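# Examining the three-dimensional arrangement
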Amino acid sequence: KRDQIALIQNTIRQLKSSFNKEFEDVHQSKKQEITRVAERSERIRQILTDLKSNEKVSVPTFRNIEMPESFLVVEDSEIKFEKYLSPEEQAALEERKRLEEERRRQEQADNARERALDSMMHGKLEIRPEDELQKDLEKPEFMLTKTEEQWNEEEIKAAKEFEKKEKHLFEEREKYRKALEAELKKLQTASVDGMNSFDEKLNKLFRHRIEIQKTINQEELKIVRLARSVYQQEYLEEREGVLSGILDELKQSKMKTQEEVSDAKRAIDRMREEHEVILQEDRAIEKQFRKDFADLDAFTLDILAKLYKRRPKVTKQKVVTNEASSRSSNPFHVKIEDPDKAFLEAMADLDSDIHRPDILETDTWERFVEARTFKVESELKVKHHNQKIQDLNTYLQRLGDQDDLMKSRIEKAFQQLNELREKKLRFLMNLEIQLLLKQGQVEVDPGVFSTEFHNALLIHRSVIEDLNSQIVTLGEAKVAAMVDCKDYYKNIHLLEWEHEKMLMEGEDLSTKTRDIQTLRVTKELQVFLFAENNQQRMQKEIQTLEKTIKLNENMHKRKVSDKKRILDRLNGLIRDKEAECVVLDGELKELAVSLVERQQIQEACVADMNPAAAQRMKDIVARRKLVDLAKSQSQEVAVLRAEVERLRMKTFPALVQNN
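A few points on the structure. This one's a predicted model, so the numbers in the text were calculated from it and none came from an experiment.

## Describing the overall build of the protein
Assigned secondary structure in the protein consists of 14 helices and 2 strands. Relative to its full complement of 659 residues, the protein shows a buried share of 16%.

Written out as structure tokens, the structure reads:
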């Protein structure tokens, strides 16, 4: 796969190199085309100058992005700061300027060559025909100073000759202009054709670039897939090695655990055998007790048997903190007191003479104590063996649990290893093949980030076409069945509609019959029934109605014109009244001012009058106010009466008599 990656990378490099070569060819072609267009544009400018046209000529140029090497070149125009010159460079520059000015001054002083060129050939070494055509002919002096009636025969011939030359000059100018226009059109067409040809090359190169880029993307995708495949293979191999190492370690641990289990079982069997021997010895000691004290009576023997079986009650374990350990550096150090020691101390207390029955003698008691002590030691020995067997069983149980755990871990690791190997085998057998399909041929739902094809199927086109043909056949059959069903129900609905139609027609006929039976025959109906020419009568009625309509329309127009005339008159009255109101408002303001002044004067006069005169003045003022109020109210009543009369007249029709 790494070799495939190297080969694909080499292929990509070759594709890029071939495209770069084509790009360089097109780039050179553009340079050549720009050069040709620039040459044609120069000639076009000359032609436009000769034609005295202000049309601008555009010349295609390279952009900076098309010349990346231009970014490394700094032009003088790009430097916005003044160049620094050392004193030596400044002096050399001034010296060159001085020498150049000196040379120009000497050339202008006496240059015979320039003077001869200006005097003989007007400053030009080459005479262009088009320049000669631009010159106008000079008219003879008599054509400028005399009229045509004053010309003699020679002057008339000279004038005709001048007109002939002038006409020939105009014809030559027209030919030259047409030739320039034809050349201009030809040059412009050539430039446009050249640029269009280059555009076609550029479009072709662009399409080729898209194809190359598509191919490169596909090959790079192959490289990515191969690299991912190599990484997955290496990961699977590395994972397989790790799982194999873990499985070997677990197997070794299980073998050690099995050996420990076997050793523990052998130790337990050995301890059980020893325990059986000790139990037999203990039973033999208990049986020997009655034989040793057979010389005593039965009552005493029963008492001794009870004392023989009597044992002190001692706690199993007592944790005591050692004072030395509390002072040591280990705060968790504790001292566990031996329970056998406490039990033996309690037994020694029972063996004292205090607990000796009174019926027993001292030597018998000592012999009893010796026998019981031997029995207690035998019981302790049995107890110790039993405790060791329990500890060994606990240890064996722990080893069994550990062995089961190892077994489950080995099975799990072995299962993982088998799954990994199956995955590796499936990975090696299932090769990835990159296919290029059209967008419509992929019917897998796209995911959020990328389309998942692990559950997709690659089906041949013929299978899909056969399936589509079957679907179309079944669809056509279904449509035909639906059409038949529709036609069947359509006939049913048509019959129902016909039935409802006949019922409605029957109801209509019944209604018509009832109307005919109950119809009252009026005089108009009799006239209509018995008249011989109803059509003519109806035509006369229509004509009468049309005349009435025309009359009503004329009346309406006349009323509208009258109303407009009245409206114009009223608008004029309104404008007059508004003007009068404006005048009255001014007078009212003046009267208000004079009123205020008179009131002030009156108030000053009233203050000097006696009370009777003041009362009389008040009566006069009140009467005056009442008179003014009555006048204003009478004026308002008159205005309202005029308005009522006007409104009443509007409700009556205007009868205009025609003379």
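From this point, the discussion proceeds with the structure in view.
## A short note on the pattern of salt bridges
This model, assessed by the stated rule, comprises 20 salt bridges. Here Lys424 ties to Glu240 by a salt bridge, and the two come within 3.2 Å at their closest N and O atoms. One end of the pair, Lys424, is in helix α10 (residues 362–429); the other, Glu240, is in helix α6 (residues 153–292), with 184 residues separating them in the sequence. The same class applies to Lys424 and to Glu240, which are both buried. Through salt bridges with shared partners, one network takes in Glu33, Arg36 and Arg40.

## Quick look at the nonpolar core
Judged by nonpolar contacts, Ile5, Ile8, Ile12, Phe19, Val26, Phe198, Leu205, Ile212, Ile216, Ile223 and Leu226 together constitute the single largest core of 11 residues. Looking at this core, the elements with two or more residues in it are α1 (2–50) and α6. With 6 residues, the top contributor of residues to this core is α6. Those residues in contact with Phe19 that lie beyond four places of it in its chain are Leu205, His208, Arg209 and Ile212. Residues Ile410, Ala413, Leu417 and Leu420 belong to the second largest nonpolar core, which totals 10 residues.

## Some thoughts on the side chain of Glu240
Here Glu240 falls in the buried class, since its relative accessible area comes to 18%. Contact partners of Glu240, with chain neighbours within four places excluded, come to Leu417, Leu420, Arg421 and Lys424.

## Thoughts on a nonpolar patch on the surface
A cluster of nonpolar side chains, namely Ile433, Leu435, Leu437, Val442, Phe453 and Leu458, defines an oily patch on the protein surface of about 630 Å² accessible area. By the element assignment, Leu458 lies in the loop between α10 and α11 (461–518).

## A closer look at a negative patch on the surface
Taken together, Glu498, Glu505, Glu507 and Asp508 make up a surface patch of like negative charges. Secondary-structure assignment places Asp508 in helix α11. Residue class for Asp508 comes out partly exposed when judged on its relative accessible area of 46%.

## Details of the packing of aromatic side chains
Counted under the stated rule, the structure contains 2 aromatic pairs. Geometrically, the ring pair formed by Tyr488 and Tyr489 is edge-to-face, given 5.8 Å between the ring centres and 75° between the ring planes. Tyr488 sits in the exposed class, given a relative accessible area of 54%.

## Digging into the environment of Glu148
Relative to the helices and strands, Glu148 is located in the loop between α5 (141–145) and α6. Linking Glu148 and Ala159, residues 11 residues apart in sequence, is a C-alpha distance of 9.5 Å.

## Focus on the environment of Phe427
For Phe427, the location among the structural elements is in helix α10. On the basis of relative accessibility, which here comes to 17%, the residue Phe427 falls in the buried class. Note: C-alpha distance between Phe427 and Ser229 (198 residues apart in sequence) is 8.6 Å. In contact with Phe427, not counting residues within four places along its chain, are Lys1, Ser229, Gln232, Gln233 and Leu236.

Cut-offs applied
- Residues numbered from 1 in each chain as written.
- Predicted model: local features only at pLDDT ≥ 70, side-chain atom pairs only at ≥ 80, totals over all residues.
- Heavy atoms only, no water.
- Helix = DSSP H or I, 4+ residues; strand = E, 2+ residues; numbered from the N terminus.
- Buried < 20%, exposed > 50% of the residue type's maximum accessible area, 1.4 Å probe, protein only.
- Salt bridge = Lys/Arg side-chain N within 4 Å of Asp/Glu carboxyl O.
- Core = buried A, V, L, I, M, F, W, Y, C linked by side-chain atoms within 4.5 Å.
- Contact = heavy atoms within 4.5 Å.
- Patch = residues over 30% accessible without salt bridge, like charges linked within 9 Å, V, L, I, M, F, W, Y side chains within 5 Å.
- Areas by Shrake-Rupley, 256 points an atom, 1.4 Å probe, with all protein chains shown as cover.
- Lys, Arg positive; Asp, Glu negative; His and termini not counted.
- Charge placed at Lys NZ, Arg CZ, Asp CG, Glu CD.
- Phe/Tyr/Trp six-rings, centres within 6.5 Å; stacked < 30°, edge-to-face > 60°.

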